[in-house]
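# Notes for the structure review
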Amino acid sequence: MIINGVSIDATFAEAFPMKATRAIITAQNEKWAMISAQAMTGFATSVIACGCEAGIERILNPSETPDGRPGVSILIFAMGGKGLAKQLETRAGQCVLTSPTSALFAGIDEGEQIPLGKNLRYFGDGFQTSKKIDGKRYWRVPVMDGEFLTEATTGRVNAVGGGNFLVLAESQHQALAACEAAIIEMKKMPNVIMPFPGGVVRSGSKVGSKYPALGASTNDAFCPTLKGITATDLSPEIESVMEIVIDGLTKEDIDNAMRVGIQAVCDLGAKNGIKRISAGNYGGKLGPFHFHLQEIMA
Amino acid sequence: MSALTFTVKQETAQRVDMSPLVCQLLTNKSVAEIAGIELQNGKRKIRADALFEITGSDTQNIIIKNSFAKLDFIAKELQDGNMTVEGDAGAYLAIGMKSGAVTVNGDAGLYAACEMKNGLLTINGNAGDFLGAALPGNKQGMKGGTVIVKGNVGQRAGDHMRRGTMLIEGNAGDYCASRMIAGTIAVMGSTGRFLGYAMQRGTLLLWQHPTLSATFNDCGSHTLAFLPIMFKSFAKLDSRFADPTQAFDRVQRFGGDMAEKGRAEVLVKL
């Protein structure tokens, strides 16, 4: 398949099941909601070493938030329910409880309930108070700037992590420009995050390493500087490869995000140095979710 | 199916225990069976059809017409039904109510919403003393649900209240929220003496400045984030509390009762 001169590989991205939740952070203005959200989703690029994958889903209008203030919704993904709950609580405690004017609410009502502010309340040292409104429990924790308001729990759902595609270009700056264009479009899609910095990964990995202590290592088949000395998957003109990784609440959410992202890359086309779109798969051994590029773009 | 309607033929001299005439106890009963139910009336028993003209058949939707202040225990432990009282209700209205909705288009007597567990009780007139309170000797009053009173309430509203929301559009008598354990009481009108006496936790939300005892301490003026959420939850109610112009988030906060746990708060609109 070729779109605007860009070859779409007959391959698939391989993804795996994760657990996910959404949290809504509000503050007196969008600036401070975003600061808190960025802190909470910081160092959450890959479950390989971060414990979770998290990102900002979108900015919320005051009419969309529980307390009528500007807000940001974030999604957090982890390999298991316990890990998710631990990461959520740790990050909420360090990044939202501490952030000026912030409040924290559940972004998903359904699914198993996991603690959001349920245990953070103990920071109040006995001065915390509870309010149950419309069936939802909130905690009011006295803090130095006033009161930290948080919902007690949020819903945990099954989700999909590790959707991806690779952009193969004639130069580094062309690969990055294409990925930036893709991210702009993908950020408009609901229920997905691209957890890596700016949404773009330059260090795509393969499973395993020559070093026993490492579970993952550089994807040498797609490393342009190794073209002559490894079993490369790159043709001579490819000088740079970048990856976009997508986590979504459902497979369909990732399908949709990949479609708009790949289309944005293809819109730049071969004339801008974009030669191929490929995907990271590990022979079907990594996970049960397969995203076939040509089917998605058909 | 029309509502099961009990129309009072003539007021009785003695009080009547209305607890058998509640939705969950009348399910699948015919009008003839309901007519034969005996109600305690003072020291004697009286057949339902001796006191009421009974029409309609929807046992989950009950109307009591020409009601008077000696009909006690209306909607006792109500579950999942609707009851409407045209006139006054006696004591113990909606005592132990579990779910459903009760509307009184008149006044209610003592102990309305006493130990209520859930549901919605609307009193369009006044309510007597011990609204949402615990029975004498019991430790916990109202444990959930919402009570709306469009008129005034008597003394000891919310005594021993444990959870839930009490919305009073008029005035509250003395000892409002006495010994309150938790929950929310909002009063748009004035409040009497000894407000929050021995109050442990919970919130008293006031539109008028109260007279507070020395055991409530001023914590200053604040903007509280939970108030807009709480007012938003009132929007669906048939009450002045649903009026957006009545909502506020800026309050003077008083903490107390310091002679008790001291974790309760009185929030006064600024």
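Being a predicted model, the structure only gives us computed values, none of them experimental. (Residues numbered from 1 in each chain as written. Chains lettered and ligands numbered in written order. Predicted model: local features only at pLDDT ≥ 70, side-chain atom pairs only at ≥ 80, totals over all residues. Heavy atoms only, no water.)

## Concerning the layout of surface pockets
Convention followed: A cavity here means a set of 1 Å grid points, computed over protein atoms only, where a 1.4 Å probe fits but cannot escape. A pocket is an open set with protein on both sides within 12 Å along at least 5 of 7 lines, and lining residues have an atom within 4 Å of a point. Grid points are joined across faces, edges and corners, and a volume is the space filled by probe spheres set on the points. A helix here means a DSSP run of H or I that spans at least four residues, while a strand means a run of E at least two residues long, and both kinds are numbered starting from the N terminus. By the convention adopted, Pro, Cys, Tyr, Trp, Phe, Met, Ile, Leu, Val and Ala count as nonpolar, Lys, Arg, Asp and Glu as charged, and the other residues, Gly among them, as polar.
The space that makes up the largest pocket amounts to roughly 880 Å³. Forming the walls of the largest pocket are 37 residues, and the residues nearest its centre are A:Lys131, A:Lys132, A:Arg137, B:Arg163 and B:Gly164. Where the lining of the largest pocket is concerned, the elements lending two or more residues are β8 (129–133) and β9 (136–143) of chain A together with α4 (226–234) of chain B. Along the lines of polarity and charge, the residues of the lining of the largest pocket split into 7 nonpolar, 17 polar and 13 charged. Roughly 580 Å³ of internal volume is contained in the second largest pocket.

## A few points about the packing of aromatic side chains
All names here are of chain B. How we decide: Under the pairing criterion, centres of Phe, Tyr and Trp rings, with the six-membered ring standing for Trp, must be within 6.5 Å; the plane angle then separates stacked pairs below 30 degrees from edge-to-face pairs above 60, leaving the rest tilted. Categorising residues by exposure relies on relative accessible area from a 1.4 Å probe, with only protein chains included: less than 20% of the type maximum marks a residue as buried, more than 50% marks it as exposed, and the intermediate range marks it as partly exposed.
Per the counting criterion, the structure on display carries 13 aromatic pairs over all chains. Considering the side-chain rings of Trp-207 and Phe-231, the 6.0 Å spacing of their centres and the 85 degrees angle between planes classify their relative orientation as edge-to-face. With Trp-207 in the loop between β14 (203–206) and β15 (217–223) and Phe-231 in helix α4, the pair connects residues that are 24 residues apart, well separated along the chain. Assigned by exposure class, Trp-207 and Phe-231 land together as buried. Seen from their ring centres, Phe-231 and Phe-234 are 5.8 Å apart, and the 85 degrees between their planes marks the pair as edge-to-face. Taken together, the residues span about one helical turn, with Phe-231 and Phe-234 both in helix α4 at a distance of 3 residues. Here Phe-231 and Phe-234 have matching classes, each one buried.

## Quick word on the nonpolar core
A general feature of soluble globular proteins is that nonpolar side chains tend to end up buried together. Operational definition: Among buried residues, those of type Ala, Val, Leu, Ile, Met, Phe, Trp, Tyr and Cys that are joined through side-chain atoms within 4.5 Å constitute a nonpolar core. What counts as a domain boundary in this text is fixed by an automatic or database domain assignment. Note on contacts: a residue pair qualifies if any of its non-hydrogen atoms lie within 4.5 Å across the two residues.
Ranked by size, the top nonpolar core spans 64 residues in total, and within it B:Phe52, B:Leu71, B:Ile74, B:Met83, B:Leu93, B:Leu131 and B:Ile185 carry the most contacts. In terms of domain composition, this core takes at least three residues from each of domain 1 (1–59) and domain 2 (73–269) of chain B. In this structure B:Leu131 touches B:Ala112, B:Ala113, B:Ile123, B:Val147, B:Val149, B:Val153, B:Arg156, B:Ala157, B:Gly158, B:Asp159 and B:Met166, once residues within four positions along its chain are discounted. Grouped together as the second largest cluster of nonpolar side chains are 34 residues, A:Val6, A:Ile8, A:Val160 and A:Leu293 included.

## Quick notes on the UniProt feature "domain: Glutamate synthase alpha subunit C-terminal" (unreviewed entry) in chain B
Basically, it comes down to this: UniProt positions are given in the numbering used here, feature names are shortened, and annotations may be inferred rather than shown by experiment.
UniProt tags residues 63–208 of chain B as "domain: Glutamate synthase alpha subunit C-terminal" (unreviewed entry). End-to-end, the C-alpha atoms of residues 63–208 of chain B are 36 Å apart, and along that stretch the chain is 0% helix and 26% strand.

## Some details on the pattern of salt bridges
Rule in force here: One side-chain nitrogen of Lys or Arg within 4 Å of one carboxyl oxygen of Asp or Glu is enough to make a salt bridge.
Summed over all chains, the structure comprises 22 salt bridges over all chains. For the salt bridge of A:Arg58 with A:Glu64, the shortest nitrogen-to-oxygen distance reads 2.8 Å. Classification of A:Glu64 by relative accessible area gives partly exposed; the value is 34%. One salt bridge in this structure joins A:Lys251 and A:Asp255, with 3.6 Å as the shortest N-O distance. Of this pair, A:Lys251 and A:Asp255 both sit in helix α4 (residues 251–268), 4 residues apart, roughly one helical turn. Relative accessible area serves as the criterion here: at 26%, A:Lys251 is assigned to the partly exposed category. Taken together, the shared-partner salt bridges connect A:Arg140, A:Glu147, B:Arg253 and B:Glu265 into one network.

## What to know about the domain arrangement of chain B
Residue and element names in this part refer to chain B. So the rule is basically this: Here's the idea: put two parts together, see how much 1.4 Å probe accessible area each one loses, and the total over both is what we call buried area.
For chain B, the assigned domains read domain 1 (1–59) and domain 2 (73–269). A C-alpha centroid distance of 30 Å is found between domain 1 and domain 2. Taken together, the contact pairs 8 residues of domain 1 with 12 residues of domain 2. Taking both sides of the interface into account, the surface hidden between domain 1 and domain 2 amounts to around 680 Å²; carbon and sulfur atoms contribute 63%. It is Val-22, Cys-23 and Gln-24 in domain 1 that bury the most area against domain 2; as a group they hold 52% of the surface buried on that side. If you look at where domain 1 meets domain 2, you find 0 salt bridges.

## Brief notes about the environment of A:Val201
All names here are of chain A. With respect to the helices and strands, Val-201 occurs in the loop between β12 (192–193) and β13 (205–207). Along the primary structure Val-201 and Gly-261 are separated by 60 residues, whereas in three dimensions their C-alpha atoms are 14 Å apart. If near-sequence neighbours (up to four positions away) are discounted, Val-201 is found in contact with Phe-196, Met-242, Glu-243 and Val-245.

## Topic: the interface of chain A and chain B
If you look at the interface, chain A gives 16 residues, while chain B gives 17 residues. The contact between chain A and chain B buries some 1,300 Å² in all, and 57% of this surface belongs to carbon and sulfur atoms. Ranking the residues of chain A by area buried against chain B places A:Lys131, A:Ile133 and A:Arg140 at the top, with a combined share of 37%. Summed over the shared surface of chain A and chain B, the result is 2 salt bridges. The closest approach of N and O atoms between A:Asp134 and B:Lys236, which form a salt bridge, is 2.9 Å.

## Remarks on the side chain of A:Asn164
Residues and elements named next belong to chain A. Keep this limit in mind: Nitrogen and oxygen atoms within 3.5 Å of one another constitute a polar contact, given that in protein one can donate a hydrogen and the other can accept it, and given that sequence-neighbouring residues count only through two side-chain atoms.
Position of Asn-164 among the secondary structure elements: in strand β11 (residues 153–169). From its side chain, Asn-164 meets the backbone oxygen of Gly-162 in a polar contact 3.0 Å long. Polar side-chain contacts of Asn-164 include one of 2.7 Å to the backbone nitrogen of Gly-280. In contact with Asn-164, not counting residues within four places along its chain, are Ala-13, Glu-14, Glu-243, Ile-244, Val-245, Ile-246, Met-258, Ala-279 and Gly-280.

## Things to note about the environment of A:Tyr122
All names here are of chain A. Here Tyr-122 shows up in the loop between β7 (112–115) and β8. C-alpha of Tyr-122 to C-alpha of Arg-137: the two residues are 15 residues apart in sequence and 15 Å apart in space. Within the structure, the side chain of Tyr-122 is placed 2.8 Å from the side chain of Arg-121, a separation counted as a polar contact.

## Points about the pairing of β9(A)
Residues and elements named next belong to chain A. Note the cut-off: Two strands pair if DSSP finds at least two bridges between them.
Relative to β9, β8 runs antiparallel, the two sharing 5 bridges. Directly across from Ile-133, in β9, lies its bridge partner Lys-136. The antiparallel pairing of β8 with β9 creates a hairpin that spans 2 residues between the two strands, and Asp-134 there sits at a positive phi of about 50 degrees. For β9 and strand β10 (residues 146–151), the ladder comprises 6 bridges, and the chain directions are antiparallel. Across the sheet, residue Val-143 finds its bridge partner in β10, namely Gly-146. Count of turn residues in the β9/β10 antiparallel hairpin: 2 residues.

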